[in-house]
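One-letter residues, chain by chain:
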Amino acid sequence: MARRLAWGMLGVLIILGTAVAHAAEKPRLNPSGFTPSQVCGTCHQDIYAMWKDSKHARAFENPIFAAAYREVRREGGSAKELCLRCHAPIAGITGDLEARQAVTREGVGCDFCHSVTGVAIRDTGSPFDVEVGATKRGAKVGATSPAHAVQPSILHKSSRLCGGCHEFRNDEGVAVISTFSEWRASSYPSELRACQDCHFVPVSGRIAVQRQGALGATIPDHRLQRSQEQLREAVKLDLVRTTRNAGRLEVVLAVRNIGSGHAVPTGHPSRRLLLKVEARSAGSGALLGDATQTYEKVILGGSGKALLRDVELFLRGREVRDTRITPGQARSETFAFPVPSGEAVRVHAELEYLYRSHVLAGNEWRVQVARHDSLIPGN
Ligand code: HEC
Ligand code: HEC
Ligand code: HEC
Ligand code: HEC
Ligand code: HEC
């Protein structure tokens, strides 16, 4: 009890202490270099809290990247600079290639994105033009800030900003990460739907603490809006038909990518979508047959062998085998099972998203995206 009270008091003191610090000093922005995101967060509190909860804030320090990066460093060579270019993008600009400064370890931080002035996606070595300092760039027109100059930037409404990192073609011409080009080949650009329209959606919040009165105001959700719900709305599974002939049951299913702005799955090739189907006797429950169809991107090396380690994917990938579902595509799949005639059969189909890290064994994430059950009467 006493201990809890003591902790409580300490909490109050810390809160008081921070409040005094806020009132006393004006947050200092680095006029000639990158400012830590926490400093931006003193005014942009809501956005800071969202960003902190995003994969961008953990792009360098998350354990899966860290494990892969240790492996790359053990191998030596210049690959490590390649990894930093997207996972800790200011390292290459400030020269902090050992990530000694906290601001480098922030991963994809506020001041990186809001200092970008141009992107050349084909330049795989250094695609970003960055002007770091007193001016912050954003999509809003007419914003004024007491802390920094503001420059309206159409790039911040464009997928190109994202494409500098969400696209990578290696020297062999293999697109290891192709989210941007998958989007570009879809109908979304002509519908004027950029990455931001699905991943930085407006949510209620204040743009800065200085804007107290703005009731009902919205800010772009910097958590990246990528929930299981979003996945379930984007990918659908339908039973097209079942045909029963003598001892054989044919099941036709359709998998449709109706809401994802790129292939499903997209990004790093550690993600896949599985369509699992099984047929069971309705009476005894005995398994009559099952099958799995996998949608994935596999990167192959020179010998035609599938590559798994990141350094190999990025540097030594020669060929791609790609069975993923492109935006808007409906893929129909036919399965056939031997079934005893006269017996009613239950068909169960499910679509599962699977993320499995090969660097950190045991790191697995499965989401059931859709399912379908039907009973086929005996003939
Ligand atoms: C991956 C790049 C990226 C990172 C990291 C990032 N932002 Fe943004 N930010 C954007 C984009 C893109 C927009 C515009 C979104 C839109 O309007 O569609 C934006 C919009 C904003 C806006 C304008 C809000 C409005 O209503 O127009 C502010 C302020 C802002 N960001 C602050 C921050 C702060 C503070 C951080 C760090 C805590 C941060 N951003 C991190 C890309 C980023
Ligand atoms: C002292 C408070 C304060 C600090 C610190 C601060 N800002 Fe701002 N910032 C503001 C205010 C106020 C606005 C204007 C909001 C509005 O439109 O009403 C603003 C606007 C912005 C915008 C919107 C510009 C646009 O055109 O969309 C961006 C982007 C931005 N800030 C980024 C940053 C970044 C990045 C940092 C840290 C390097 C930062 N700010 C630090 C107060 C601050
Ligand atoms: C400087 C590089 C960089 C830029 C610019 C960038 N990203 Fe990312 N993004 C990353 C990295 C790296 C990750 C993965 C982090 C990890 O898991 O290690 C990521 C992850 C993501 C994720 C996955 C989130 C999840 O929960 O799985 C989404 C969505 C995303 N980014 C959207 C965007 C959008 C939209 C933009 C443009 C407004 C953008 N990114 C700009 C580097 C970047
Ligand atoms: C029409 C909406 C839409 C657009 C446009 C869109 N996305 Fe997505 N994104 C989704 C949905 C839905 C998911 C979840 C399903 C999936 O994995 O494809 C997703 C997932 C992702 C993921 C996470 C992949 C994973 O499995 O962890 C990344 C990264 C991403 N998007 C980046 C981008 C980038 C970069 C762009 C622009 C080039 C973009 N998205 C455009 C809807 C969209
Ligand atoms: C061109 C930008 C880029 C480069 C270069 C890059 N990555 Fe990534 N990496 C990403 C993006 C973007 C994601 C995650 C989002 C996605 O799946 O699209 C990611 C995801 C990962 C993941 C999965 C993390 C997780 O949380 O699931 C690992 C591991 C990884 N990268 C390691 C590396 C290593 C090691 C290197 C250097 C050999 C490297 N990356 C180089 C952009 C890049």
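The numbering scheme is per chain: residues are counted from 1 as the chain's sequence reads. Each chain takes a letter, starting from A, and each ligand takes a number, starting from 1, following the order in which they are written. Owing to the predicted nature of the model, reporting of local features is limited to residues with pLDDT of at least 70; listing and counting of side-chain atom pairs is limited to 80 or more, with chain, interface and lining totals taken over all residues. Here the side-chain values reflect all heavy atoms present in the structure, with hydrogen atoms and water set aside.

**Student:** Talk me through a positive patch on the surface; I want residue IDs and the actual numbers.
**Tutor:** Here the term patch refers to residues with relative accessible area over 30% and no salt bridge, with like charges joined within 9 Å and nonpolar side chains (Val, Leu, Ile, Met, Phe, Trp, Tyr) within 5 Å. Surface accessibility in these figures is a Shrake-Rupley result with a 1.4 Å probe; residues are shielded only by whichever protein chains are displayed. Whenever a carboxyl oxygen of Asp or Glu lies within 4 Å of a side-chain nitrogen of Lys or Arg, that contact is scored as a salt bridge. Only four residue types enter the charge count, namely Lys and Arg as positive and Asp and Glu as negative; His and the chain termini do not. Charge positions come from single atoms, namely NZ of Lys, CZ of Arg, CG of Asp or CD of Glu. Together, Arg122, Arg160, Arg169 and Arg184 line one region of the surface with positive charge. Relative to the assigned elements, Arg122 resides in the loop between strand E1 (116-119) and strand E2 (128-130). Numbered from the N terminus, helices here are DSSP runs of H or I no shorter than four residues, and strands are runs of E no shorter than two.

**Student:** Can you explain the site of ligand 3? Please cite residues and give values.
**Tutor:** If even one non-hydrogen atom of a residue comes within 4 Å of a molecule or strand, that residue is called near it. Near ligand 3 lie 20 residues; those nearest to it are His56, Asn62, Cys162, Cys165 and His166. Separating a nitrogen atom of ligand 3 from a side-chain N or O atom of His56 is a distance of 2.8 Å. At 2.8 Å, a side-chain N or O of His166 approaches a nitrogen atom of ligand 3. Elements with a minimum of two residues in the shell around ligand 3: helix H5 (79-87), helix H9 (159-163) and helix H11 (195-199). What qualifies as a polar contact is a pair of N or O atoms within 3.5 Å, subject to a donor-acceptor requirement within protein and to the restriction that residues adjacent in sequence count only when both atoms come from side chains.

**Student:** Describe unusual backbone geometry, and please don't skip the residues or the numbers.
**Tutor:** In this chain, Val264 is followed by Pro265 through a cis amide linkage whose omega measures -10°. Its place among the elements puts Pro265 in the loop between strand E10 (248-257) and strand E11 (271-281). In the Ramachandran plot, Ala99 falls in the positive-phi region, its phi being about 50° despite a non-glycine side chain. Relative to the helices and strands, Ala99 resides in the loop between helix H6 (91-94) and helix H7 (102-105). One non-glycine residue, Leu192, lies in positive phi territory at about 60°. Among the structural elements, Leu192 can be located in the loop between helix H10 (179-184) and H11.

By themselves, these are just geometric observations and shouldn't be taken as functional.
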